[in-house]
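Listed below, chain by chain, are the residues.
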Amino acid sequence: MTTAVVRALGALAHETAHTRPGSRCACPVPSVLADRADGTVVRCGPVVAKAHAAGTDTAALSARLGLAAGPGLAGVLLAPLPVRSAEDRAGQGGASPYLTELHGRPVTLWPYGEPVDPGDPDEAPWEATAVLLARLHRAGIRTGRSTPGEPSWPPAVPAMRGPAKAALAVARMRAARPGEQVAAPVLAAWRGLPPWARDEAPAPEHRAHLLCHGDLHLGQLVRHPAPRGPWLLIDVDDAGPGDPAWDLARPAAWYAAGLLPPEVWFRFLDAYRAAGGPAVRADGDPWPELDVAARALTVQTAALALAKSAAEHRAPDEVEQVMIDACARIAALPPELTAEHSS
C-alpha cells in the first residue's frame, strides 16, 4: 500500500458520495478496509473505492463489471457504481463506465455493504450464501442459452479464475519456501490433481459452462443496503464460466478437514440443493462432483498458509497446520481413488 494510492482512493470515494457539488459534508475520515496484493480498498461513508492489482486484465475486468451491473443478476451480485459521467466518457472508445485508473492501477467504485461479522460464527449466512450461489450458477451458459425462467449472461465474460488462483498460491509457496520439507505434502497433493485443476488445461466441457464466482468465501458477502439489507455476493474479479463445484469447494474442504462442523456443511449443502443448484446431484453423495475442486482448494489454502507464515517468520498456526495435514492425507490416497473424479 502507498499513501498516495490510499489518499487518491479516499478522495474518489468522497467525491462520489457527494452527488451535489457544494453539498454539506459530514463524511468520516476515509478508512482502509483491506490492503492485500490483489487490491487496496478504502471506504468513505456510503462509497467504497478499490484499487485492483497492477497488471490486472482490464478488458476481462470490464466484462465482469458489466455482468455485475446488468439486470440479470440483480439481487445476486452487488452492482458497481459508475466512475465517470457520460460526458467524461465521450471520445474514450467505449471505455467501461465502471472502471478508471489511479496511479497506474485499475479502480472501481462500489456501494458500501455490511460484511459478515467474523466474531459471530453462529450467525454466518451459510444458507443465504448457498441460495445466492445456486442462483448465480443457474444464470445461463456460455453460449447465451438459458435455463427456462433464468436470465442469460454475456458470452464475452472470460473463464472463471479459480484454478489460476490455486496455481498462483502454489507458486507463491514455492518462492517463499524453496526446497523446504514442510511444503512436500502440499506439492504432492498438487501433483495428484488433474491438469485442469492446476490451470494447465481447459476444464472438461461438461463441467465448464456455468457461471461461477471463482473465489467464494464468507468475506465475499455483504448486506446492502447496510446494515440490514439482503445478502449479496461481491468481488467479481474471478467470475466467469467454469465448474460450479469450485464455488462449493472451500466449505467442502473445511468440512473434510474437520474445520467446518458437519451440521453447518449439511445446512449449506441442503440449501444449495433446495434452490436448484446444479453443481452437485440433487440427492445422495455430492463428493463425485466436489472431490477435485475440494482437493484443489485444500492445496491452495495450505500453500497460502505456508507462504504467509514464511513471510512472517513463524511456524504455521494450528488451523494452518490442519490444512497442511489434510494435504498429506490427500497425497497418501491410492491413485485409483483420486483418479475416479479427475475428469
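Since this is a predicted model, take the numbers as computed values, not measurements.

Visitor: So what's going on with the sheet that holds strand β9 (residues 231–233)? Which residues, and what values?
Guide: Spatially, 3 strands are ordered β6-β8-β9 in an open sheet, and the strand pairing comes out antiparallel. Edge strands, defined here as strands with exactly one partner in the open sheet, are β6 (114–115) and β9. As paired strands, strand β8 (residues 221–223) and β9 are joined by 3 bridges and run antiparallel to one another. Pairing of Val-222 across the sheet is with Leu-232, part of β9. Sitting on the sheet, helix α4 (residues 126–137) touches β8 and β9, and the angle it makes with β9 is about 50 degrees.

Visitor: I'd love a proper account of the nonpolar core, names of residues and values included.
Guide: In this structure, Leu-77, Val-186, Leu-233 and Trp-246 are the most contacted members of the largest nonpolar core, which totals 80 residues. With 10 residues, the top contributor of residues to this core is helix α9 (residues 287–311). Sequence-distant contacts of Trp-246, that is, excluding residues within four places in its chain, are made with Met-160, Gly-162, Pro-163, Ala-166, Trp-196, Ala-197, Gly-214, Ala-293, Ala-296 and Leu-297. Counting residues in hydrophobic clusters, the runner-up holds 13 residues, among them Val-5, Leu-12, Ala-13 and Cys-44.

Visitor: How would you sum up the pattern of salt bridges? Please name residues and give values.
Guide: Under the counting rule described, the total for this entry stands at 13 salt bridges. Notably, a salt bridge pairs Glu-200 with Arg-198, separated by 2.9 Å at the nearest N-O pair. Several salt bridges share partner residues, and in doing so they unite Lys-50, Asp-235 and Asp-237 into one network.

Conventions used here
- Residues numbered from 1 in each chain as written.
- Predicted model: local features only at pLDDT ≥ 70, side-chain atom pairs only at ≥ 80, totals over all residues.
- Heavy atoms only, no water.
- Pairing = 2+ DSSP bridges.
- Helix = DSSP H or I, 4+ residues; strand = E, 2+ residues; numbered from the N terminus.
- Contact = heavy atoms within 4.5 Å.
- Axes fitted to C-alpha atoms, helices over the stretch in contact; angles between N-to-C directions.
- Core = buried A, V, L, I, M, F, W, Y, C linked by side-chain atoms within 4.5 Å.
- Buried < 20%, exposed > 50% of the residue type's maximum accessible area, 1.4 Å probe, protein only.
- Salt bridge = Lys/Arg side-chain N within 4 Å of Asp/Glu carboxyl O.

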